[in-house]
Amino acid sequence: MSIFIDKGTAVIIQGITGKEGRFWTSHMKDMGTRIVAGVTPGKGGQRVEGIDVFNTVSKACAETPVDASMLFVPPRFVRDAVFEAMDAGIKKIVTVAEGIPLHDAVRIRKAALDRGAMVIGGNTSGVISPGKAMMGFFPYWIERVYRPGNVGIITRSGSLTNEVTAMVVKAGFGVSTLIGVGGDTVPGTRFAELLPLYQNDRETRSVVIIGELGGTMEEEAAELLTAGKFSKPLVAFIAGRNAPQGKKMGHAGAIVTGGKGTASEKIKALRDAGALVAEKPVIVGELLKQALKIQNKRSQRNG
Amino acid sequence: MSIFIDKGTAVIIQGITGKEGRFWTSHMKDMGTRIVAGVTPGKGGQRVEGIDVFNTVSKACAETPVDASMLFVPPRFVRDAVFEAMDAGIKKIVTVAEGIPLHDAVRIRKAALDRGAMVIGGNTSGVISPGKAMMGFFPYWIERVYRPGNVGIITRSGSLTNEVTAMVVKAGFGVSTLIGVGGDTVPGTRFAELLPLYQNDRETRSVVIIGELGGTMEEEAAELLTAGKFSKPLVAFIAGRNAPQGKKMGHAGAIVTGGKGTASEKIKALRDAGALVAEKPVIVGELLKQALKIQNKRSQRNG
Amino acid sequence: MRIFEYEAKELFKKNGIPVPVSALVEEPSELEKVLIDIPGPWVLKPQVLFGARGKAGLIKFADSKEAAVTGAEELWGTGRGIKKILIEEKIQVQRELYLSITIDPGKACAVIIASAQGGTDIETLAVSGKKDILCEYIDLDIGIMPFNARKTAYGIGLDNGLISQYVSVVTSLYNIFEESDAGLVEINPLFISGGGRIVAGDGKMIVDDFSLYRHPEIAVTGERFEDDLEYEAFQKGIPYLKLNGDIALMCAGAGLTTTVYDLIVDNGGTVANYLEFGGPNYTRATAAMELCLKSLSKVILIVTFGTIARADVMAEGVVKAIKKLKPKQPVVTCIRGTNEEKAEQILKKAGLIPLKDTEEAVRTAIELANC
Amino acid sequence: MRIFEYEAKELFKKNGIPVPVSALVEEPSELEKVLIDIPGPWVLKPQVLFGARGKAGLIKFADSKEAAVTGAEELWGTGRGIKKILIEEKIQVQRELYLSITIDPGKACAVIIASAQGGTDIETLAVSGKKDILCEYIDLDIGIMPFNARKTAYGIGLDNGLISQYVSVVTSLYNIFEESDAGLVEINPLFISGGGRIVAGDGKMIVDDFSLYRHPEIAVTGERFEDDLEYEAFQKGIPYLKLNGDIALMCAGAGLTTTVYDLIVDNGGTVANYLEFGGPNYTRATAAMELCLKSLSKVILIVTFGTIARADVMAEGVVKAIKKLKPKQPVVTCIRGTNEEKAEQILKKAGLIPLKDTEEAVRTAIELANC
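Computed from a predicted model, the values in this text were never measured in an experiment.

Draft legend 1. Seen up close, the overall build of chain A. The number of helices and strands found in chain A is nine helices and 14 strands. The C-alpha radius of gyration of chain A comes to 19 Å, within 12% of the 19 Å expected for a compact globule of 303 residues. Dimensions along the principal axes, computed over C-alpha positions, put chain A at roughly 60 × 45 × 30 Å. Per-residue burial over chain A gives 63% buried out of 303 residues. In chain A, 74% of the contacts between residues at least 6 apart in sequence involve partners at least 24 apart.

Draft legend 2. Looking closely at the packing of helix H6 (residues 191-200) of chain A against helix H7 (residues 217-226) of chain A. Residues and elements named next belong to chain A. Following both chains from N to C, one finds H6 and H7 inclined at 40°, their axes separated by 8 Å at the closest point. Looking at the two axes, H6 sits oblique to H7. Judged by residue contacts, Phe191, Ala192, Leu195 and Pro196 of H6 engage Met217, Glu218, Glu220, Ala221, Leu224 and Leu225 from H7. The residue inventory of the contact of H6 with H7, partitioned by class, reads eight nonpolar, no polar and two charged.

Draft legend 3. Molecular detail of the pairing of strand S7 (residues 109-115) of chain D. Residues and elements named next belong to chain D. A large share of S7 lies buried, amounting to seven of its seven residues. Residue alternation in S7 divides its side chains into two sets, Cys109, Val111, Ile113 and Ser115 and Ala110, Ile112 and Ala114, and both sets are buried. Pairing of strand S6 (residues 93-104) with S7, which is carried by seven bridges, proceeds in the antiparallel orientation. Across the sheet, the residue bridging to Ile101 is Ile112, located in S7. Where S6 folds back on S7, the antiparallel hairpin that results is connected by four residues, among which Ala108 adopts a positive phi of roughly 60°.

Draft legend 4. Region of interest: unusual backbone geometry. Cis geometry marks the peptide bond from Gly121 of chain B to Gly122 of chain B; its omega dihedral reads 0°. On the secondary structure map, Gly122 of chain B appears in the loop between strand S7 (118-121) and strand S8 (126-129). Note that the residue after Asn188 of chain D, namely Pro189 of chain D, is joined by a cis bond; omega there is 5°. Take Pro189 of chain D: it is sitting in strand S9 (residues 182-193). Residue Phe4 of chain B is not a glycine yet carries a positive backbone phi of 65°. Within the element layout of this structure, Phe4 of chain B appears in the segment before strand S1 (10-14). Phi is positive for Leu296 of chain C, which is not a glycine, with a value near 60°.

Draft legend 5. Region of interest: the sheet that holds strand S3 (residues 42-46) of chain D. Residue and element names in this part refer to chain D. As summarised here, the arrangement of the four strands in space is S2-S5-S3-S4, forming an open sheet in which the pairing is antiparallel. Two strands bound the open sheet, and with one partner strand each, they are strand S2 (22-25) and strand S4 (60-62). The mean inter-strand angle of the sheet, taken between neighbouring strand axes irrespective of direction, is 25°. Inspection of the sheet shows S2 paired to strand S5 (residues 85-89) by four bridges, in the antiparallel sense.

Draft legend 6. The arrangement of the packing of aromatic side chains in detail. Tallied over the full model, the rule gives 20 aromatic pairs over all chains. Measuring from ring centre to ring centre gives 5.8 Å for Phe4 of chain D and Tyr6 of chain D, while their planes differ by 25°; the resulting arrangement is stacked. The same class applies to Phe4 of chain D as to Tyr6 of chain D, namely buried. Within the aromatic cluster, the residues linked to one another by ring pairs are Phe23, Trp24, Phe72, Phe137, Tyr140 and Trp141 of chain A. We note Arg76 of chain B situated over the ring of Tyr213 of chain C; from NZ or CZ to the ring centre the distance is 3.7 Å. A cation over an aromatic ring shows up here: Lys107 of chain D above the ring of Tyr137 of chain D, its NZ or CZ 4.4 Å from the ring centre.

Draft legend 7. Representation of the sheet that holds strand S6 (residues 92-95) of chain A. Residue and element names in this part refer to chain A. Strand order in the open sheet formed by seven strands is S3-S4-S2-S1-S5-S6-S7, with mixed pairing between adjacent strands. For this open sheet the edge positions go to strand S3 (47-48) and strand S7 (118-121), each flanked by a neighbour on one side alone. In this structure, S6 lies alongside S7, joined through four bridges in parallel fashion. Looking across to S7, one finds that Thr95 is bridged to Gly121. Against the sheet, helix H1 (residues 19-31) touches strand S1 (10-14), strand S2 (34-39), S3, strand S4 (51-54) and strand S5 (68-71), its axis set at about 160° to S2.

Draft legend 8. Representation of the interface of chain A and chain D within the structure. Facing the 53 residues of chain A at the interface are 53 residues of chain D. Regarding the contact of chain A and chain D, the summed buried area is about 4300 Å², with carbon and sulfur atoms giving 57% of it. In this assembly, chain A and chain D are joined by eight salt bridges. With a closest N to O distance of 3.0 Å, Asp141 of chain D and Arg107 of chain A form a salt bridge. Taken together, the elements giving at least two residues each to the side of chain A that touches chain D come down to helix H4 (102-115), helix H5 (159-170) and strand S13 (234-239) of chain A. Considering each element in turn, the side of chain A that touches chain D owes the most residues, eight residues, to H4 of chain A. Its residues placed into classes, the side of chain A that touches chain D shows 24 nonpolar, 13 polar and 16 charged.

Draft legend 9. Broad picture of the interface of chain B and chain D. Facing 11 residues of chain B, the contacting portion of chain D comprises nine residues. Both sides together, the interface formed by chain B and chain D hides about 980 Å², and carbon and sulfur atoms give 58% of it. Linking chain B with chain D are three salt bridges. With a shortest N-O distance of 2.9 Å, Arg150 of chain D and Glu84 of chain B are connected by a salt bridge. At the junction of chain B and chain D, the tally comes to six residue pairs in polar contact (both at pLDDT 80 or more). Among the elements that make up the side of chain B that touches chain D, the one with the highest residue count is helix H3 (residues 78-87) of chain B (five residues).

Draft legend 10. Focus on the nonpolar core. Among the nonpolar cores identified, the biggest contains 104 residues, and Leu195 and Val208 of chain B together with Leu301 of chain C are the most heavily contacted of them. Those residues in contact with Leu195 of chain B that sit more than four places away from it in its chain are Ile154, Val207, Ile209, Ala221, Leu224, Leu225, Phe230 and Leu234 of chain B. The next biggest cluster of nonpolar side chains, apart from the first, holds 103 residues, and it includes Val181, Val277 and Leu287 of chain A together with Val271 of chain D.

Draft legend 11. View of helix H3 (residues 78-87) of chain A. All names here are of chain A. Along H3, nine of the 10 residues are buried, which leaves the element largely enclosed by surrounding structure. When we look at burial in H3, the residues that qualify are Val78, Arg79, Asp80, Ala81, Val82, Phe83, Glu84, Ala85 and Met86. The positive-phi residue at the C-terminal boundary of H3 is Gly89, with phi of around 90°.

Draft legend 12. Quick peek at empty space enclosed by the protein. Residues and elements named next belong to chain A. The final tally for this structure, using the stated rule, is six cavities of 30 Å³ or more. There is about 60 Å³ of room inside the largest cavity. As for the largest cavity, its lining consists of Val78, Thr95, Ile100, Ala105, Ile108, Val119, Gly121, Gly122, Asp184, Val186, Pro187 and Gly188. Going through the elements one at a time, H4 and S7 are the ones with two or more residues in the lining of the largest cavity. The class makeup of the residues in the lining of the largest cavity is seven nonpolar, four polar and one charged. In terms of domain composition, the lining of the largest cavity takes at least three residues from each of domain 1 (1-123) and domain 2 (142-303).

Draft legend 13. The side chain of Asp312 of chain C, seen in detail. With respect to the helices and strands, Asp312 of chain C occurs in helix H10 (residues 311-325). A distance of 3.1 Å separates polar atoms of two side chains, one belonging to Asp312 of chain C and the other to Arg310 of chain C.

Rules and cut-offs
- Residues numbered from 1 in each chain as written.
- Chains lettered and ligands numbered in written order.
- Predicted model: local features only at pLDDT ≥ 70, side-chain atom pairs only at ≥ 80, totals over all residues.
- Heavy atoms only, no water.
- Helix = DSSP H or I, 4+ residues; strand = E, 2+ residues; numbered from the N terminus.
- Rg over C-alpha atoms; globule rule 2.2 N^0.38 Å.
- Buried < 20%, exposed > 50% of the residue type's maximum accessible area, 1.4 Å probe, protein only.
- Contact = heavy atoms within 4.5 Å.
- Axes fitted to C-alpha atoms, helices over the stretch in contact; angles between N-to-C directions.
- Parallel < 35°, antiparallel > 145°, perpendicular 65-115°, else oblique.
- Nonpolar A, V, L, I, M, F, W, Y, C, P; charged D, E, K, R; others polar.
- Pairing = 2+ DSSP bridges.
- Phe/Tyr/Trp six-rings, centres within 6.5 Å; stacked < 30°, edge-to-face > 60°.
- Lys NZ or Arg CZ within 6 Å of the ring centre and 35° of its normal.
- Buried area = accessible area lost by both parts, 1.4 Å probe.
- Salt bridge = Lys/Arg side-chain N within 4 Å of Asp/Glu carboxyl O.
- Polar contact = N/O pair within 3.5 Å; in protein donor to acceptor, adjacent residues only side chain to side chain.
- Core = buried A, V, L, I, M, F, W, Y, C linked by side-chain atoms within 4.5 Å.
- 1 Å grid on protein atoms, 1.4 Å probe; cavity = no way out; pocket = protein on both sides within 12 Å on 5 of 7 lines; lining within 4 Å.
- Points joined across faces, edges and corners; volume = space filled by probe spheres on them.
- Domains from an automatic or database assignment.

In C-alpha cells form, the structure reads like this:
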C-alpha cells in the first residue's frame, strides 16, 4: 500500500473529455490506475477510453464509490472543480493546472484544511507510485526515472524532478511515491504535511526533497525533523543558491526579499535538522547511500 | 456541576460599559456568577462593578483564563462581537440581542458549528442555573419561578417561560438549568443540540421543552427521542395550537405556511416519540409527575 | 418585509434574469399606451402581497385590447384593494419549473430549492414527501459556485441546451438573495418558453425586517401591509396582527401572547388583535392600548410575566393609559413578575382587579366579552 | 503585476483611505501649475517600481518652487528611467506606522501586518525576530470584521482618538486587497499627522499575474517592467529575466532552469538571461530563441528533461529555430525525456552535439563562452 494513490484507489477524472484529459486518462489507465468515472458538464452519457462520463461529480459518486479526483481543468475553473469534488465528499484531489488565481488557491487550501481533504497542486505533474498508479502527467515510461523502489520524493518542480530522480535511480534506488506539491505560491499541500505520510509508509525507507528558493516549505520540513516527527533518512536538493536577490526566479513562489526564503537559509535549516543537502543533483544518490548508512549504524546501536 | 454555566465558569462581558451591560453585570455577580473581565472597545482600563475592562477580547483572554462570553451588544454589532469571542478561542457565548440580521445569524451559527463553539441566542434571556450562576437577564429573585432543583428547561420564549416554570415550581419541582435558545428564525443553538447535555447532566432528572409553532426544532427533539439519544422524562408545552394559518404569530421564526411547522404537527411528533405534551401551562407540573412515575416503573422493571 | 412582484422583477432584470416585457399601470388612462408598447396577448397581474392570486381568479389573460381593458377594470373593481396592475407579454410556455432560495436554520446555510414541476402545486408536492424537489446548500461565507447551480440544473433533468441559461439564473438569484438580506426569493413558475428561453414567470421576495437598516432602497410604505393598523404598529415597533374577534390582546412576549390566544380559542372566545406589550415595549402601554382600541374590541386583556419588564412599571403604564385613553370596554389585567406586589397595589388603587392566574384572566375576559 | 504608487494612492482615495494632496507630472512644463494648485512644502516622488527610493536619494523635498523645479529636473536627469513624478503636499508627521496585507500560504489566510514602527527599517525589524510586528489572520471567505482591525489598532498601541480612523483604513485596505486579487498591498509609512490625521505616506501593491484576466482595469504596459525584453517576454507568455552575463539559458521548467543557473555560477560562468522553455512553451523554440538572441549572449544553453514536453518535439523546434534565426553564437543542447533517442538523432542530423548530462552541458557552455 503506497501513499495517496495505489492500485486500488478509485479515481475520477474531472475534465475527462478535453484533449489533455483524454490523453492522460489513457496513460493513467495503461499504467494501472483504477479510473472509475469521468466528469465533464454537458458531456454526461458519453464514454472516454471506455469510462463513463457524468455531468456532475455528485452523480459520478452516486454511481460508484470514489476515493480521489484528478482534475484536468483550466486554471480559471479549478476552484469550482475542487469545491465540487470536496462537496461530493472526495478527500484526495490533484490539480495540475498552471495559473490558478492566487486568492482562489488560498480559498482552496483553506477549504481543504477545514474539511480534512488534501489537494495536491496546482502547477504540478501530480502524484505517481511507479509500477502502480498515477494521478497526473508523468512520463512513467522513462525507465531511468520512474523505477519502483523505496525512496519517497517530494518536489516543487517538474523537469528538475526528472533530473534529480534520474540520479537517485542511477545510484541503484527506485521510487516509492513521488508527489509534486507544485510551483505555485500557495500549493494545496505543503512538504511538512506530506512527510508524516512517508514516515508511516512501509514502502518508503528514505525521502528526497526537491526544493527551491522562496517561501518557507523547506524550513517547515526542517522543523518537523527537529521535532522528531520524521525520522527516516532525508536528503534534499535546493535550487537557487546563486539566484540574484530581489529577482523573481524559479516558480511563482520563488521571490526572495530581504534575505528571507533564500536557498542558503533553507539549506542551513535542513542541515541543522539533520538532513543531508546536495549541492548539485548528481550527488543526491551518493548522499542517499550515506544517509541510509548513518541510519543503519544508528539502528544497530539502538538494536 | 450544571450545564453550560456553573459557579466556577469564568465569564467575560462584552459590552460591559453600556447601560444594560452594567445593570445585569451587577445582577449576575450578585447571583454568584464568576465574572472575570469586561470588554468594550475604547474603554480599556476602566472598571465596572469592580471588574477590569479591556479593549479587545483577546487582551482580556491574555490576562485571565476565560470559559464563556456574555454579550450585551446591539444587534448590528453582534456578528462582530461573536466572531471576536470565537477568534479568542471562547467556546460558550450567549447573546441576548433582539434584532440580529438574519444572514448574520446564519453566519454566526455556521461558524460556531465549524469551530465546535456554542452560541446561545439571540433574542433570549440567556442561561440560568438557579442558585449558582447565570448569563443573561433573568429575574432570578422571583422565587416561585427560579427555584433550584432537578428539572431542565429549554425554551424559545421569555414571559411564557416564567408562566410555565412557575407551574413546574408550584408542583414542587425546581430548575437545574434553564436555557433560552431564543425566538429568532436562526438561533445559534437548537433544542436537539441541548438535550444531550441534559442527558449527561447528573442534576437533571427530567426536562421541559417550551416550544411554539414555526420552524422544526421541536420535531428535531422528537427525532432525538425516537433515536434513543435522550431517555429522561420529557414534558413539552407548545404554543400556537389555534394560530390562524399564514399569519406570522409568535416569534420571528413562527410563520406557518402550507401546514408545515404547525403546533399540532409538533405535538404529534413529540407524543409519538414518547414525550408528554401539555395542552396548557397549568398542567405541566402534573405531567412531569406522571413522566417521572412512568420512568420509575420502567427502571424498577429493568432493575 | 414583502416585496411586490414588479419590484422583484425589476431586481431580476437588473441582475440579468430574463423577465417578460411588462409595464405597471395604476389607472385606466395608462392602459392604452401600455397595450401599444407591449405586444399582445397579455397577462394582467394585480400587485398584491397575498398568495394564490391565480387560484383566486385574480390573474387575467387577454388576447385583445378590449379584453385587456375589461380585465383590468374587473381587477380594480374586486374590492380587494388592488391598485397596481402589472401588464406583461404572455410567454408561450413549454414547461414550468420551480426555483427558490431560502435559509436552512439547522444547517445554517442558504438552500436553493429547485423542481422540474413548478406552478401552483409546488406546496402540495413539498408536503407529499419532497419528491422531485432538489435542495442545494450554500455556505453564506463561501457563496454560490457554478457547480452548485449545475447540480440543481442536472438534478431536475434540464436539457444540455438550457443548462448555461439556468446556471446564470440561479447564480443571479443567489446574488439577489445575498445582497438583499432576503429570507426568501422565489420564482414560481420559472418558464421555459417555446423558443427555449428561460424566463421568470413570477417573483416573490421577503427581505429580513432586522436587515432593513442596511437597505435604504426598500421604502417601508403602507402598501406592504395587509392592514393600515398593522402598518401603524410596525412603524411604532409594536408586533401586532389585526384579527376580527372580541378580545384585544396586550400581552408580554410572543410565546405568552400566543398561549393566551390558544386559551381564548379553547374557551370559546375570539381575538380582536394580537399585540406584544413586552420586551422593549413594556414602558409603552399607551401606544399599545391605542392600537388595541382601534381594533374595535369588546374587552382588553393584559397578561404579562415579566423578564426584564418590571410588573410595577407595566401596571403604572396601564393605569396611565386608561386615564388618558378612557377605553369604553373593560380592561382585564394579569400582570406578574418583578415587583408584582407593588403592581397589584397600583392596579387596585386605580380600581382594576389584579388577577394572578392566566386562565382565570382569559375566562374573565371571555365572560365580559359575552355580556 | 506591480502597481505604481500613484495608482495605488488613487485606489486608496477611492476607497476612503486619506492620501496627501498630489498631482502627477511628466514634464517640466506641467510643474508650474501643480506647484500653484498644491500648497508647499512639497515632496517629489519618482514613480518607479524598484524599492528603497529614499535610500537611493530619489525622494526630494522642496520648500520653495525653485527647489521643487530643481529637484524634479534632478530626478529626470538621473538616467534611471524616471518619467512620472508625483508631487505631494508634505505632511507634518508626528509618527510613522507600518501596515500591509499579504497572503500566508501555510495558514491559507490573508494576513494583516501592522507595526508601530514604520519607515524604511521595517524589513530589518522583520528579520530581527518580528518584535513589535503584529499579524492578524483573515479567512478570505469570511472577510475582515471590525474586531480584526481593532485588534491591530490596540495591538500596536494606538491612542483611542485614532482607533476609528485606523480601523477604517485597515478595512478599506483589506477590501482593496481582496477586490484587486492582490498578493501584497502595503502602506509604509502610514503617517499620523501633527493634526492627528492618519494618511497613507506611500502605496505599494502587487496584483497576482494569474488574476489579471479579472482585472481589465489594470493595463499591462511596458512601464511596469524593468526591461523592454522582459515586457516582450511577458506578452509572449515566456518566463524571462534579463541579466548581464555570457550564457543565455533556454531551459525547461523553473526548477531546472534555476539549477542550471546555480551550476553556471558554481563553475565560474555568467548568465545572459533566464528563460523557461518548457511547460506550455515547449513547442515555441523560435520565440524563445529570439529572446535569447536579443540578450546579446556568447552561448545559448538548452537543458531540458521533459515531463509533458516531448524531447523529439523540442529538438525539432530547436533545429527549426536555428535554421530560421541563424544564431552566430554556439548552441549547446542537453534535451532529455520522452523520445530522447529520437531527439538525439534529430540534433545530430542538424549538426548539433546532443549532450545527455546537465553538468557536462554547463561546462561545455562555459568553455565556449570563454573562447
